[in-house]
Structure formats: structure tokens, C-alpha cells
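# Descriptive analysis of the structure
Take a look at the letters that make up each chain.
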Amino acid sequence: MPKLTQVVLLVALCASPAFAADTQTNRPKVYTDILACRALADAAARLTCFDAATKALEDAADNRQIVMLDQDDVRKTQKSLFGFSLPKIPFFGESDAEQEAEFKQVEGNLAGVQSIGAGKYQFTVKDAGVWQTMEATPLLLKDGKAFVIKRGALGSFLLVMNGRGIRVKRVN
């Protein structure tokens, strides 16, 4: 076997465990302490361990050292951040694919529509901030009209109404 092939195989074998370690989720100590209690065989010792570990978890939550979110909270947060360029945030999903899967679009009814001149508008999307059209539009935007904002090419966004698309950007 050529030396280059051996070197490549050796590097690949060494890198695999390191890569696997990077993809594992790091859990807070207060959480892993609770899990460790399950390994105790003696019921009284296990109960004592659980009591101490859950008290530590409660204290950490009360002191905002740890924050717990349920899936609904995560979805609401993702929706509220739609339209912003953000780094990958661990609680949105473990992988890039999981994070990209949610909220490719938002839909609803326009609110707080204001003309900002030159045929452009600013409007509010419930739970997803304030947006502006980036180009003049012949469409009349007004409160209550149904819309969809979709992700476009190269990080852009498209407001779709009545089968027509208008480039928009999030401003707040």
C-alpha cells in the first residue's frame, strides 16, 4: 500500500472519534447529575441522590444559570427570528439540517401597513417583526390582507400576495 494511502487512512481513523465527540451534545452538570442517580442500586441512596440533584437543578433554574425551553418555546423563538441572519444556535436543533428545516416561510395577515414613499411600504408580521418592501410595488398593501413571506435566493425574502412576489427585508 502506498505511503500516501496509509497516511490518509491513518488520519481518517484518528479524525473519526474526534469528529464524533464534537457532534455529541454537551449537557449541563446539573442535568448529568440527575442521570447519574439512576445508576445507584440502593433505593434510599438513589432517592437521596435525586433529591439533591433536583434541588441543584431548581436552584440553577431560579438563578438563571440554566434555562429550560419546551419545543413550543423554541418554535416561537424561531418564528420571531425569521428574516434575520443568525449563527447556528444549539437549542434550535443539533444539526444544520434540523435548523434549516423550520420556518422557510411565515404567513398571516398584514398589520400596521405604512407607505414609506416611492411606492414602498413598511408592515408588521405578527410574531415575526417589522418588514419593508425593497422595491416599488403596484400592489396596494393594506391591513388585513393575507400574505406569505418565503425565503428567496441568496438570503433574500419574498412577500407573496395574489400570486405576485415582492422583495422584502426585515428591519426589526
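Notes on the structure in this doc start here.

Here is what the cut-offs are and how they apply
- Residues numbered from 1 in each chain as written.
- Predicted model: local features only at pLDDT ≥ 70, side-chain atom pairs only at ≥ 80, totals over all residues.
- Heavy atoms only, no water.
- Pairing = 2+ DSSP bridges.
- Helix = DSSP H or I, 4+ residues; strand = E, 2+ residues; numbered from the N terminus.
- Axes fitted to C-alpha atoms, helices over the stretch in contact; angles between N-to-C directions.
- Core = buried A, V, L, I, M, F, W, Y, C linked by side-chain atoms within 4.5 Å.
- Buried < 20%, exposed > 50% of the residue type's maximum accessible area, 1.4 Å probe, protein only.
- Contact = heavy atoms within 4.5 Å.
- Phe/Tyr/Trp six-rings, centres within 6.5 Å; stacked < 30°, edge-to-face > 60°.
- Polar contact = N/O pair within 3.5 Å; in protein donor to acceptor, adjacent residues only side chain to side chain.
- Salt bridge = Lys/Arg side-chain N within 4 Å of Asp/Glu carboxyl O.

With that settled, the discussion passes to the sheet that holds strand S3 (residues 120–124). The 7 strands lie next to each other as S1-S5-S6-S7-S4-S3-S2, forming an open sheet whose pairing is antiparallel. On the outer flanks of this sheet lie strand S1 (105–109) and strand S2 (111–117), each paired with one strand and no other. Between one strand and the next, the sheet's axes are offset by a mean angle of 30°, whatever the strand orientation. Across 3 bridges, strand S4 (residues 130–133) lies against strand S7 (residues 164–170) in antiparallel orientation. Bridging from a neighbouring strand, Trp131 pairs with Arg170 of S7.

The biggest cluster of nonpolar side chains holds 17 residues, and the ones touching the most others in it are Phe123, Val125, Leu141, Phe147, Ile149 and Leu159. If you list the elements that add at least two residues to this core, you get S3, strand S5 (146–151), strand S6 (157–161) and S7. Examining the composition of this core, we find that 3 residues originate from one element, S6, more than from any other. Those residues in contact with Leu141, other than ones at most four positions away along the chain, are Leu110, Val113, Tyr121, Phe123, Thr133, Leu159 and Met161.

Before going further, it helps to spend a moment on the packing of aromatic side chains. By the definition in use, this model includes 2 aromatic pairs. Judged by centre distance (5.5 Å) and plane angle (75°), the rings of Trp131 and Phe157 are edge-to-face. Highlighted residues: Trp131 in strand S4 and Phe157 in strand S6, separated in sequence by 26 residues. Both residues of the pair, Trp131 and Phe157, count as buried.

Another aspect to go through is the side chain of Arg170. As for its placement among the helices and strands, Arg170 is situated in strand S7. When its relative accessible area of 14% is taken as the criterion, Arg170 is described as buried. Looking at Arg170, its side chain comes within polar contact range of the main-chain oxygen of Asn172, at 2.9 Å.

All right, on to the pattern of salt bridges then. Under the criterion given, the structure shown has 3 salt bridges. Asp33 is paired through a salt bridge with Lys29; the nearest N and O atoms lie 2.9 Å apart. Of this pair, Asp33 and Lys29 both sit in helix H2 (residues 29–37), 4 residues apart, roughly one helical turn. Its relative accessible area of 59% is what places Lys29 among the exposed residues. Linking Lys55 and Asp59 is a salt bridge whose minimum nitrogen-to-oxygen distance equals 2.9 Å. Linking Lys55 with Asp59, this pair stays in helix H3 (residues 43–62), spanning 4 residues, or about one helical turn. Owing to a relative accessible area of 44%, Lys55 belongs among the partly exposed residues under this scheme.

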